[in-house]
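# Topology and contacts: notes
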Amino acid sequence: MEQFIAHLALLVADYDEAIHFYTKKLDFTLVEDTRLSATKRWVLVRPPGKDGCCLLLARADGKEQERYIGSQAGGRVFLFLYTDNFQRDYLKMKARGVHFVRPPKEEKYGTVAVFEDLYGNLWDLLEPR
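Keep in mind it's a predicted model, so treat the numbers as computed, not measured.

### Some thoughts on the environment of Lys40
Mapped onto the elements of the fold, Lys40 is located in the loop between strand S2 (29-35) and strand S3 (41-46). Its relative accessible area of 48% is what places Lys40 among the partly exposed residues. Linking Lys40 and Ala58, residues 18 residues apart in sequence, is a C-alpha distance of 8.3 Å. Setting aside its immediate chain neighbours within four residues, Lys40 contacts Tyr15, Thr34 and Arg35.

Dropping the structure here:
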């Protein structure tokens, strides 16, 4: 048997602003943007490089889901963006206005800094050793 995680849903307030953030600030690729109804779209983005898990940008539907935009993990680091060149990506992201809430730090497992996405979800930018 072979299994893998194909997509991870990320609540967003607006499809287009989320696409812009991920593709213009983080260099993600827009994999798919399919209209499903007048208000719902199937939007997939993924980081450059290997084919792998995509983020499904899911516009919050109703007040209950809207409460969790930007806080899907209760304030913990939620997503982990691995890189093969920390310095390159860190500097590029800073220049594009990505807000880092914790500066770069050398850890046993690699170089890491914490940034937030456009809604406040926390991410690790990580170059493993």
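### As for unusual backbone geometry
Positive phi outside glycine occurs at Asp27, with the angle close to 65 degrees. Of note, Asp27 is situated in the loop between helix H1 (15-25) and S2. For Asp27, a relative accessible area of 27% translates into the label partly exposed.

### Structural notes on helix H3 (residues 86-95)
Since one α-helical turn is 3.6 residues long, residues separated by three or four positions face the same way. Inspection of H3 places Phe86, Asp89, Tyr90 and Met93 among the buried residues, and these make up the whole buried set. Buried positions in H3, seen along its axis, are confined to an arc of 100 degrees and lie on one side of it. Residues of H3 that are buried in the fold lie against H1, strand S6 (99-107), strand S7 (110-116) and strand S8 (122-128). Between the side-chain oxygen at the start of H3 and the backbone nitrogen of Gln87 there is a gap of 3.4 Å, and the oxygen is on Asn85.

### Focus: the side chain of Asp117
Residue placement: Asp117 occurs in the loop between S7 and S8. In this structure the side chain of Asp117 is engaged in a polar contact, spanning 3.0 Å, whose partner is the side chain of Tyr22. Leaving out residues up to four positions away in the same chain, Asp117 has contacts with Leu10, Phe21, Tyr22 and Trp123.

### What about the nonpolar core?
Ranked by internal contacts, the top residues of the largest apolar core, which has 28 residues, are Tyr22, Leu55, Leu57 and Phe115. Within the residue set of this core, elements represented by two or more residues are strand S1 (7-12), H1, S3, strand S4 (54-59), strand S5 (77-82), H3, S7 and S8. The element that contributes the greatest number of residues to this core is H1, accounting for five residues. With residues up to four places along the chain from it excluded, the contact list for Phe115 reads Leu26, Leu81, Met93, Val98, His99, Phe100, Val101, Asn121, Leu122, Trp123, Asp124 and Leu125.

What counts and how
Along each chain, the written sequence defines residue order, and numbers are assigned to residues from 1. Only residues with pLDDT of at least 70 are given local features in this predicted model, and only at 80 or more are side-chain atom pairs given and counted; all residues enter the totals for whole chains, interfaces and linings. To obtain the side-chain values, all non-hydrogen atoms of the structure were included, while hydrogens and water were left out. Helix and strand definitions here come from DSSP, where helices need a minimum of 4 consecutive H or I residues and strands a minimum of 2 consecutive E residues; each element is numbered from the N-terminal end. Note on exposure labels: buried denotes an accessible area under 20% of the residue type's maximum, exposed denotes more than 50%, and partly exposed covers the range between, all computed with a 1.4 Å probe on protein chains only. In this description, contact between two residues means that some pair of their heavy atoms is separated by no more than 4.5 Å. Think of it as the arc spanned by the lines of direction from the helix axis to the C-beta atoms. Throughout this description, a polar contact denotes any pair of N or O atoms lying within 3.5 Å of each other; where both atoms belong to protein, one of them has to be capable of donating a hydrogen while the other can accept it, and for residues adjacent in sequence the pair is counted only when both atoms sit in side chains. Joining through side-chain atoms within 4.5 Å is the link that ties buried Ala, Val, Leu, Ile, Met, Phe, Trp, Tyr and Cys residues into a set, and such a set is a nonpolar core.

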